[in-house]
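Results of the structural survey
The primary structure of each chain is shown beneath.
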Amino acid sequence: MPSSSSRLARRTAALIGGLLLSAGALAQNFPAKPVTLIVPYPAGGVSDVIARTVNNTLGKQLGQPVIVENLGGASGSIAAQKMLSQPSDGHVVFQGSPNELILAPLAMSAVKFKSEDFRLVNMIATAQIGFLTRGDLPANSIDEFVEYARKQAQQGRPITYASVGPGSFYHLLGEHLSKVTGIPMVHVPYKGGAPAEQDLISGQVDIFLSPFATKHVDLRKAGRIKVLALLNSARLDTAKDIPAITESKALKDFTFNIWTGYFVKRDTPEAVVATLHKAIAGTLTEPTVRANLEAASQTPAPTLSVAEAAKAYTDGTAQFRAIAKSINLQAQ
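Residues numbered from 1 in each chain as written. Predicted model: local features only at pLDDT ≥ 70, side-chain atom pairs only at ≥ 80, totals over all residues. Heavy atoms only, no water.

1. Topic: unusual backbone geometry
That bond from phenylalanine 30 to proline 31 is cis: its omega, -10°, falls within 30 degrees of zero. Turning to its location among the elements, proline 31 is positioned in the loop between α1 (4–29) and β1 (35–39). For serine 75, which is not glycine, the phi dihedral falls at a positive 55°. Here serine 75 lies in the loop between β2 (66–70) and α3 (77–84). Residues other than glycine seldom take positive phi values, yet asparagine 328 does so here, at roughly 55°. Within the fold, asparagine 328 resides in the segment after α11 (306–326). Among the residues examined, asparagine 328 registers a relative accessible area of 53% and is labelled exposed. (Helix = DSSP H or I, 4+ residues; strand = E, 2+ residues; numbered from the N terminus. Buried < 20%, exposed > 50% of the residue type's maximum accessible area, 1.4 Å probe, protein only.)

2. Brief notes about empty space enclosed by the protein
If you walk through the whole model with that rule in mind, you get 2 cavities of 30 Å³ or more. In terms of lining residues, the largest cavity is bounded by 27 residues, among which Tyr41, Val46, Ser47, Tyr170 and Pro211 are the most central. With 4 residues, helix α2 (residues 46–62) is the single largest residue contributor to the lining of the largest cavity. Within the lining of the largest cavity, the residues separate by chemical class into 13 nonpolar, 11 polar and 3 charged. Volume-wise, the second largest cavity comes out at about 30 Å³. Around the second largest cavity, the lining residues are Met83, Pro87, Ser88, Asp89, Gly90, Val92, Val264, Lys265 and Thr268. (1 Å grid on protein atoms, 1.4 Å probe; cavity = no way out; pocket = protein on both sides within 12 Å on 5 of 7 lines; lining within 4 Å. Points joined across faces, edges and corners; volume = space filled by probe spheres on them. Nonpolar A, V, L, I, M, F, W, Y, C, P; charged D, E, K, R; others polar.)

The structure is reproduced here in structure tokens:
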């Protein structure tokens, strides 16, 4: 008669085998229903534009609709936390960046997830960062702005800078700007880029270091905002009349950009990840998608393998953690 230990071993093996078969069947049937694309900011911002540029074509690649869900707040961490509460079956995808997945856990004590809880399936695009100011700010260049900001601080009226939340990349950029210039500045956090831009346009906040989009060109022409520079090493081909930050004297080394990618939970089955990866790569080959991303001043991502995407996320995590350390970012 078999011993209790051998019976337990057989049951355990059967259970593991059943789980593996279930996971395999799930992967083969993926996607079995519409896919939800969670965007961690309100509708109207650059993140929303990216999602709605990609979702229909991605849905065709997958053979199921891709539905955009906007959920802003807490530097994107509310949406990220919701993502982690979903099944690990690939039917919920997170449109993320270093903002939500790397920096928010470092800046907010209420955030309990780690960067490593997510897996990057594929990059989507890289964004140029615009140095945006309110339309009536009395400065027309980066160097003029630095002088203005210094005088305002000396008079006890430090300039204000917007971000999409504490610990976000744009918060770090503002803190870093204050540090490298030695000028005190006041952080004003928002739930997303759209409300931050609304207050910039209405003059409620002085500057916003933000992903640069075509709409900013129109707002600039209308005199509703100023775009003093892009944080690039060279001028953008589609915006030749806007200086690169390297053309200034005071901030010639202040060059930054930020990427967006599509993420799943870390324990998502490998076959599901492979299907999503292939669909995203196919989406990024579509000329209309690429043209619309470029029109939003996004550079479509190069083709990466699944392994290269994983390495890019690991490297990005290390890079942004180093920036946070350099400004002594403390969890609040």
